[in-house]
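# Understanding the architecture of this molecule
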Amino acid sequence: MARSRLAIEGGTPAITQPVPPMYPGGMRIGIEEEQAVLDVLRSKRLFRYYGPGDSVSRVDMLEKAFAAHVGVRHCIAVSSGTASLMGGLAGLGIGPGDEVIVPAYTWIATASAVVALGAIPILAEIDESLTLDPEDVERKITSRTKAIITVHMRGGPCRMDALLAIAQRHGLSLLEDVAQANGASYGGRKLGSLGHIGAFSLQFNKIITCGEGGLITTDDETIWKRALMYHDVIGGGRNGIPEEETLLGINLRMSELQGAVALAQLNKLEGVIGDMRRNKAVLKASVTELAQQKGITLRDEPDPEGDAGICLVFFAPSSELAQQTAAALKAEGLPASVIYSGQKDYHVYCDWTPILRQRSWAGNAPWGWHPPVAYDRDMCPRTLDLLQRAVHLDISPDLTGEHIEEMSDGLTKVFNALL
Ligand SMILES: Cc1ncc(COP(=O)(O)O)c(C=O)c1O
């Protein structure tokens, strides 16, 4: 049967209308966010703890609403996702001398937050779920390990049962980095409520956004109080924590303007997730059918129902084929890429140069304070192999039925020609 000519070879692209940019919540900013910002500006109360008049704090409202959404007792709104990781680690009591296991595939901030607390990031491999490989985590545990940061990458929940069991067996804390999976769940529970503490980002790329911002979630009273003290420069003073218990904080606070936008976005989270999941289900069905014919494997999903739906990933047999497939899909107009194409990418450990070279603001601290730890660019070969073979498709919540049909056609065209 004659195949239709690929767009990369001069044929007609499968997609006739450009797909929307991949800023899920960002593209839904509308009258609600505008009104919320105007209300804050008109009240002149831009700071969560005080201002003229008696308007309620939007940051306070956001914390209460987000805690209820995640299903935990406590939430602290902060200035960024990195701040949520730092506050989370401080909440857990992580500091100099401690080792914290982090995945080799995550935004560099996951590891930088560990260094910022004076602790040492220890890298562990990911598996076909693109999240921490529990077996490698167990291999990396030493007598200095205090915590594991598990990162729910690209909307997909980690292998939480196995990771929680490891943390419990070794007496370790488990911090969930939910920056890329806000609204997703595992076993029917929202991510950020399963480990000891959750850290979220509201940066512009994320599922919902206020430009920059972060949220910390926990059910544990002690961890919450510690993180609360850390996030405010006057420690516990403002939060009713007795002076004799107060620890020194820094300033990671969220502003009322951020809080107002985040609150409006939170109201849209379920809608965004629902639309992405619906779109993904259709595309996943077509890729699954094609993949079966071609012997291609899809990303493993520890809880497919809980997945946020932001992307579809499949593994090509080789990195060359992954590059060719992604290039051909892109030419057809699909939002496709290879996760690690070899171009500098701060999501992949081998491009975390300051960490690999153990360079920080103060000579080689914190590494110099510890027994030597070695890093090198090839230390997680499985991670590199998987990411170099992983073809990634963005799934916007705003795809139309026509987009999805055309994306399926484009996938069929490219799979039949190349794979
Ligand atoms: C997995 C992960 N962790 C942490 C962060 C840090 O968040 P932020 O950029 O808000 O500091 C990000 C995103 O940027 C991320 O993707």
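Calculation rules
- Residues numbered from 1 in each chain as written.
- Predicted model: local features only at pLDDT ≥ 70, side-chain atom pairs only at ≥ 80, totals over all residues.
- Heavy atoms only, no water.
- Helix = DSSP H or I, 4+ residues; strand = E, 2+ residues; numbered from the N terminus.
- Rg over C-alpha atoms; globule rule 2.2 N^0.38 Å.
- Buried < 20%, exposed > 50% of the residue type's maximum accessible area, 1.4 Å probe, protein only.
- Contact = heavy atoms within 4.5 Å.
- Areas by Shrake-Rupley, 256 points an atom, 1.4 Å probe, with all protein chains shown as cover.
- Near = heavy atom within 4 Å.
- Polar contact = N/O pair within 3.5 Å; in protein donor to acceptor, adjacent residues only side chain to side chain.
- Nonpolar A, V, L, I, M, F, W, Y, C, P; charged D, E, K, R; others polar.
- Disulfide = S-S within 2.5 Å.
- Pairing = 2+ DSSP bridges.
- Axes fitted to C-alpha atoms, helices over the stretch in contact; angles between N-to-C directions.

This part takes up the overall build of the chain. A tally of regular secondary structure across the chain gives twelve helices and 13 strands. The C-alpha radius of gyration computed for the chain amounts to 22 Å, which stays within 12% of the reference 22 Å derived for 419 residues, consistent with globular compactness. Across the 419 residues that make up the chain, the buried fraction comes to 58%. When contacts within the chain are restricted to residue pairs at least 6 apart in sequence, those whose partners lie at least 24 apart make up 70%. Surface accessibility of the chain: about 17200 Å² in total, with carbon and sulfur atoms responsible for 53%.

This next bit is on unusual backbone geometry. At the junction of Ala365 and Pro366, the peptide bond is cis and its omega measures out at 0° in the coordinates. Looking at the element boundaries, Pro366 is found in the loop between helix H10 (353-356) and helix H11 (381-389). The phi angle at Leu130 is positive, at roughly 65°, despite the residue not being glycine. You can see Leu130 is positioned in the loop between strand S3 (120-124) and helix H5 (134-140). Positioned with a positive phi, Gln358 is a non-glycine residue whose angle comes to about 55°.

For the rest of this paragraph, the subject is the site of the ligand. Around the ligand sit 15 residues in total, of which Gly81, Thr82, Asp177, Ser201 and Lys206 are the nearest. Measuring from an oxygen atom of the ligand, one finds a backbone N or O atom of Gly81 at 2.7 Å. Note that an oxygen atom of the ligand is positioned 2.7 Å from one of the side-chain N or O atoms of Ser201. Burial of the ligand by the surrounding chains reaches 92%, relative to a free accessible area of 390 Å². Counting residues per element, the ones that place at least two in the shell around the ligand are helix H3 (81-92) and helix H4 (109-116). Among the residues forming the shell around the ligand, the class breakdown is five nonpolar, eight polar and two charged.

Another aspect to go through is the state of the cysteines. Summed over all chains, the structure comprises zero disulfides. Sulfur of Cys158: no disulfide; nearest cysteine sulfur belongs to Cys311 and is 13 Å away. Here Cys158 falls in the buried class, since its relative accessible area comes to 0%.

We now examine the sheet that holds strand S9 (residues 214-218). Here seven strands make up an open sheet; going across it, the order is S1-S9-S8-S5-S4-S2-S3 and the pairing mixed. In this open sheet, the two strands that pair with only one neighbour each are strand S1 (74-78) and S3. Adjacent strand axes in the sheet meet at a mean angle of 20° when their direction is disregarded. Sheet analysis places strand S4 (residues 145-151) next to strand S5 (residues 173-177), joined by five bridges and oriented parallel. Bridging from a neighbouring strand, Thr150 pairs with Glu176 of S5.

Before going further, it helps to examine the sheet that holds strand S11 (residues 311-315). On the basis of which strands lie adjacent, the open sheet formed by four strands has the order S10-S11-S13-S12 and antiparallel pairing. Looking at strand neighbours, the two that pair on one side only are strand S10 (297-298) and strand S12 (336-338), the edges of this open sheet. With two bridges connecting them, S10 and S11 associate as antiparallel partners. Paired with Thr297 across the bridge in S11 is Phe315. Across the sheet, helix H8 (residues 256-294) is in contact with S10 and S11; its angle to S11 comes to roughly 10°.

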